[in-house]
Amino acid sequence: MSVNIAVNSKRPVNLDLRTIKLPVTAYTSIVHRISGVILFVSIAGLLWLLDKSLISESGFEQVQSYFQNPLVKLILWGVLAALLYHLVAGIRHLVMDAGVGEGLESGKRGSQAVIVISAVLIVLLGVWIW
Amino acid sequence: MVTSVTNLSRSGLYDWMAQRVSAVLLAVYTLFLLGYVLLNPGMTYADWSGLFDQSWMRIFSLLTLVALSVHSWVGMWTISTDYLTPMALGKFATVARFLFQVVCGLAMFVLFVWGVQILWGI
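All values reported here derive from a predicted model rather than from experimental measurement.

1. A closer look at the UniProt feature "transmembrane region" (unreviewed entry) in chain B
Residue and element names in this part refer to chain B. Taking the UniProt record as the reference, the feature "transmembrane region" (unreviewed entry) is found at residues 21-39, 59-77 and 98-120. End-to-end, the C-alpha atoms of residues 21-39 are 27 Å apart, and along that stretch the chain is 100% helix and 0% strand. Within residues 98-120, the helical portion is 100% and the strand portion 0%, while the C-alpha atoms at the span's ends are 33 Å from each other.

Shown next as structure tokens:
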């Protein structure tokens, strides 16, 4: 790999994520990104459902019948789980923008709070869907 | 100040701000819609289409669609400039990154127009 195109030096570089032990804040950060990409990809499907549900009464009933399908329930849970996680992690970003929880220790606690709160919400969401 | 020809406003600070303002709008809309569905368990087609028939709901939804377009562009742009780099892809990085951004931008534009069609119906 031609690493030297970007950095023209002989310094040793370790950017192999598999050998780096990441702090909890790094995990919540990368999951925020991954959930964002999942949501971007999901926009088309969600718009399609909105279109179908609004176009006519039979379309609305069809969408309701899709939601009875276990596979659709699972996908819906996945997409809405990504949405809830992205929302909770995003609110933490806004809180940090306000100057709260930016320190090393408070940042870690904030990340842990994001994991706990979003996990609870995602479980509740699953209960609601099933 | 760092500027780039491909980011939304050619200023990182404006992009940063746009990302946050759009985020707040998206959060409010998400909570509203989730709340509406949760509080109306036996929702009928009349309820649902009645909600989207209201002018304020159409304006609120269109505003959210604009926020969604801005938010996804800044997000996908950030991801493309972070990972599609010369270190990862070598000399093809600029072309690959540009193509990725074109696909994201075009997709979002199509989704936006489609969303307008759904909301205002033709």
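Next comes the rest of the description.
2. Notes on the interface of chain B and chain A
With 20 residues of chain B at the contact, the number on the chain A side is 22 residues. Elements that contribute at least two residues to the side of chain B that touches chain A include exactly helix 1 (12-39), helix 2 (45-53), helix 3 (55-83), helix 4 (86-89) and helix 5 (93-120) of chain B. A per-class count over the side of chain B that touches chain A returns twelve nonpolar, seven polar and one charged.

3. Some remarks on the UniProt feature "binding site: a ubiquinone" (unreviewed entry) in chain B
The UniProt entry lists B:Tyr83 under the feature "binding site: a ubiquinone" (unreviewed entry), expressed in the numbering used here. When you line up the elements, B:Tyr83 lands in helix 3.

4. A closer look at the nonpolar core
In this structure, A:Ala81, A:Ala82, A:Leu83, A:Leu84, A:Tyr85, A:Val88 and B:Trp73 are the most contacted members of the largest nonpolar core, which totals 23 residues. Among the secondary structure elements, those contributing two or more residues to this core are helix 1 (24-55) and helix 3 (70-97) of chain A together with helix 1 and helix 3 of chain B. Counting residues per element, this core draws most heavily on helix 3 of chain A, at nine residues. Ignoring any residue separated from it by four or fewer positions in sequence, one finds A:Tyr85 in contact with A:Val31, A:Ser35 and A:Ser118.

5. With respect to the packing of helix 1 of chain A against helix 5 of chain B
Contact pair helix 1 of chain A / helix 5 of chain B: the axes reach a minimum separation of 10 Å and the direction vectors enclose 15°. Put simply, helix 1 of chain A runs roughly parallel to helix 5 of chain B. Viewed along their axes, helix 1 of chain A and helix 5 of chain B form a crossing whose handedness is left-handed. Listed contacts from helix 5 of chain B to A:Ile43, A:Ala44, A:Leu47, A:Leu50, A:Asp51 and A:Leu54 of helix 1 of chain A are B:Leu111, B:Trp114, B:Gly115 and B:Ile118.

6. Focus on the packing of helix 1 of chain A against helix 3 of chain B
Remark: helix 1 of chain A packs on helix 3 of chain B, axes separated minimally by 11 Å, with the N-to-C direction vectors making an angle of 125°. The pairing of helix 1 of chain A with helix 3 of chain B is recorded here as oblique in orientation. Pair helix 1 of chain A / helix 3 of chain B crosses with left-handed handedness. Of the residues in helix 3 of chain B, those touching helix 1 of chain A at A:Arg33, A:Gly36, A:Val37 and A:Phe40 are B:Ser72, B:Gly75, B:Met76 and B:Ile79. For the contact of helix 1 of chain A with helix 3 of chain B, the per-class residue count stands at four nonpolar, three polar and one charged.

7. Here we look at the UniProt feature "transmembrane region" (unreviewed entry) in chain A
With numbering aligned to this structure, UniProt lists the feature "transmembrane region" (unreviewed entry) at residues 30-50, 71-91 and 111-129 of chain A. Between the first and last C-alpha atoms of residues 71-91 of chain A the distance is 30 Å; the span itself is 100% helix and 0% strand.

8. Details of the environment of A:Ala113
With respect to the helices, strands and loops of the structure, A:Ala113 is situated in helix 4 (residues 104-129). Exposure remark for A:Ala113: the 15 C-beta atoms within 10 Å place this residue in the partly exposed category.

9. A closer look at helix 1 of chain B
With 28 residues, helix 1 of chain B extends 40 Å between its outermost C-alpha atoms, agreeing within 8% with the 40 Å of an ideal straight helix rising 1.5 Å per residue. The set of residues buried in helix 1 of chain B consists of B:Ser22, B:Ala23 and B:Leu26. Of the surrounding elements, those touching the buried residues of helix 1 of chain B are helix 3 of chain A together with helix 3 of chain B.

Calculation criteria
- Residues numbered from 1 in each chain as written.
- Chains lettered and ligands numbered in written order.
- Predicted model: local features only at pLDDT ≥ 70, side-chain atom pairs only at ≥ 80, totals over all residues.
- UniProt positions renumbered as here; feature names shortened; annotations may be inferred.
- Helix = DSSP H or I, 4+ residues; strand = E, 2+ residues; numbered from the N terminus.
- Contact = placed C-beta atoms within 7 Å.
- Nonpolar A, V, L, I, M, F, W, Y, C, P; charged D, E, K, R; others polar.
- Core = buried A, V, L, I, M, F, W, Y, C linked by C-beta atoms within 7 Å.
- Buried ≥ 20, exposed ≤ 12 C-beta atoms within 10 Å, placed from the backbone.
- Axes fitted to C-alpha atoms, helices over the stretch in contact; angles between N-to-C directions.
- Parallel < 35°, antiparallel > 145°, perpendicular 65-115°, else oblique.
- Left-handed = near helix turned anticlockwise from the far one by under 90°.
- Expected span 1.5 Å × (residues − 1).

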